[in-house]
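# Residue-level structural notes
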Amino acid sequence: MALAAITAFLPEAIGWRQDFHAHPELGFDLPRTSARVADLLRSFGCDQVVTGLGRSGVVAVIHGRGPGRGIGLRADMDALPIHEATGLRHASTMPGQMHACGHDGHTAIGLVAAKYLAGTRAFNGRAVMIFQPAEEDGGGARAMLADGLIDRFGIDEVYALHNIPGLAVGAFATRPGPIMAAADMFRITLTGRGGHAAQPHQALDTTMIAGHVLVALQTVVARNIDPLKPAVLTVSTVATDSSGACVIPQTVVLTGTTRSFEVAVQDVLESRLRSVAQGVAQAHGGQAEVWYLRDAPATVNAVEQTGYAVAVAEAISSQGSRLADPVMVAEDFSEMLNARPGAFMFIGNGDSALLHHPGYEFNDAAIPYGAAWLAGMVAARG
């Protein structure tokens with residue numbers, strides 16, 4: 001059974017994972033991580049290893065025993081700009097950077113799957129191992145696609161996974177259709193007239209305008225979106241051009257994100273955000289400049305391919321696969337799912353700190369389950 005054979009790789013996989021964890025890199029700037037991944041893939045005997053795809057992505061091709069489909073298996077490699085607080089022996093050696101989302105574990109899972117597939121060749125078609133940069137910042141999947149990922153490597157279907165704290169190790173969860181939201185980003189630059197805080201009548205208080213804009217934006221979801229259609233609008237940062245207690249700033253910048261599952265809802269969120277910000281600012285005599293980016297589309301699992309993904313998960317673990325609730329977090333693997341049918345799977349990380357928390361640690365016991373599922377998708381669909 002694949003799980004038993006793959007579990008034999010766990011000691012060296014833990015070494016890879018902890019090495020990645022100790023040396024986290026951000027966004028597209030992954031020279032050490034990409035080089036280490038490529039070297040390991042070559043050592044496994046992969047038929048082709050390509051570096052620099054999407055700036056710093058790595059792709060390996062493994063041929064099976066006969067003709068068949070090209071099955072893409074994606075693992076993300078980048079870390080987060082968070083200062084680690086785990087106290088582990090293999091904690092980050094890079095101040096202000098850590099693997100707080102488990103991409104070190106995902107990379108190790110992809111490597112174990114590649115080693116197993118290259119060593120056994122017990123499948124038809126081709127396994128295309130995709131190691132992606134810049135999932136956290138967004139843009140990594142889009143960059144790899146722009147460099148010809150799909151056509152160059154003949155990918156017919158794509159699959160990926162992500163660990164989830166609170167779900168037992170060995171358990172899987174997914175759903176057909178929308179599983180993660182689209183992520184849009186915005187920045188609102190408010191301009192008034194700076195001055196002395198003790199003489200507000202001679203200035204135009206931009207901080208006060210920002211407060212009204214922030215509160216008014218909360219009506220967009222509450223009063224413009226169908227209550228049966230999920231949507232989120234969050235203002236996450238407020239920054240002024242002065243830190244002085246006696247200064248009315250000239251400008252205030254609000255940044256945040258919106259989340260939704262449908263393009264029609266995205267349209268309303270963007271339109272109303274612009275109208276509300278500009279209208280409220282003008283009502284108080286100020287101005288609002290709005291920058292809005294549709295960053296990553298919703299992650300939508302193909303119904304047929306989700307069925308295969310569930311069947312493989314249930315063959316691996318006695319805990320099987322459960323129906324996942326849609327979540328408002330986002331994942332740019334959605335870009336690949338828009339290019340080819342496939343599915344995204346959650347795997348259990350056990351009782352750990354939450355994702356993006358400074359105390360988070362990937363659970364190495366999840367590596368064999370994730371690698372067996374990736375390898376199983378190639379055997380099932382190749």
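Residues numbered from 1 in each chain as written. Predicted model: local features only at pLDDT ≥ 70, side-chain atom pairs only at ≥ 80, totals over all residues. Heavy atoms only, no water.

## A closer look at the side chain of glutamate 361
Relative to the assigned elements, glutamate 361 resides in the loop between β16 (342-348) and α11 (367-381). Ignoring anything within four residues of it in the chain, the contact list for glutamate 361 reads Arg17, His21, Leu88, His90, Asn349 and Ser352. (Helix = DSSP H or I, 4+ residues; strand = E, 2+ residues; numbered from the N terminus. Contact = heavy atoms within 4.5 Å.)

## A word on unusual backbone geometry
Here arginine 55, not a glycine, exhibits a phi torsion of approximately 80 degrees, which is positive. Locating arginine 55 in the fold gives a position in the loop between β1 (48-53) and β2 (57-63).

## Observations regarding helix α8 (residues 263-283)
Three or four residues apart is the spacing at which side chains of an α-helix point the same way, because the helix has 3.6 residues per turn. Counted at 1.5 Å a residue, the expected span for α8 with its 21 residues is 30 Å, and the 30 Å between its end C-alpha atoms agrees. At its buried positions, α8 is contacted by β8 (182-191), α7 (206-224), β10 (231-240), β12 (251-260) and β13 (287-296). Taken from the residues just after α8, glycine 285 is the one with a positive phi, measuring 90 degrees. (Expected span 1.5 Å × (residues − 1).)

## Concerning the environment of glycine 70
Its place among the elements puts glycine 70 in strand β3 (residues 66-76). For glycine 70 and isoleucine 150, which are 80 residues apart along the polypeptide, the C-alpha to C-alpha distance reads 9.5 Å. The contact partners of glycine 70, leaving out residues within four places of it in the chain, are Arg126, Gly154, Ile155, Asp156 and Glu157.

## Observations concerning the nonpolar core
Grouped burial of nonpolar side chains is what soluble globular proteins tend to show. Counting 56 residues, the largest nonpolar core has Leu41, Leu117, Met129 and Trp373 as the members making the most contacts within it. It is helix α4 (residues 103-120) that contributes the most residues to this core, 9 residues altogether. If near-sequence neighbours (up to four positions away) are discounted, methionine 129 is found in contact with Val58, Val59, Ala60, Ile62, Leu73, Gly110, Ala113, Ala114 and Leu117. Among the nonpolar cores identified, the runner-up in size contains 26 residues, and Phe186, Ile209, Leu217 and Ala277 belong to it. (Core = buried A, V, L, I, M, F, W, Y, C linked by side-chain atoms within 4.5 Å. Buried < 20%, exposed > 50% of the residue type's maximum accessible area, 1.4 Å probe, protein only.)

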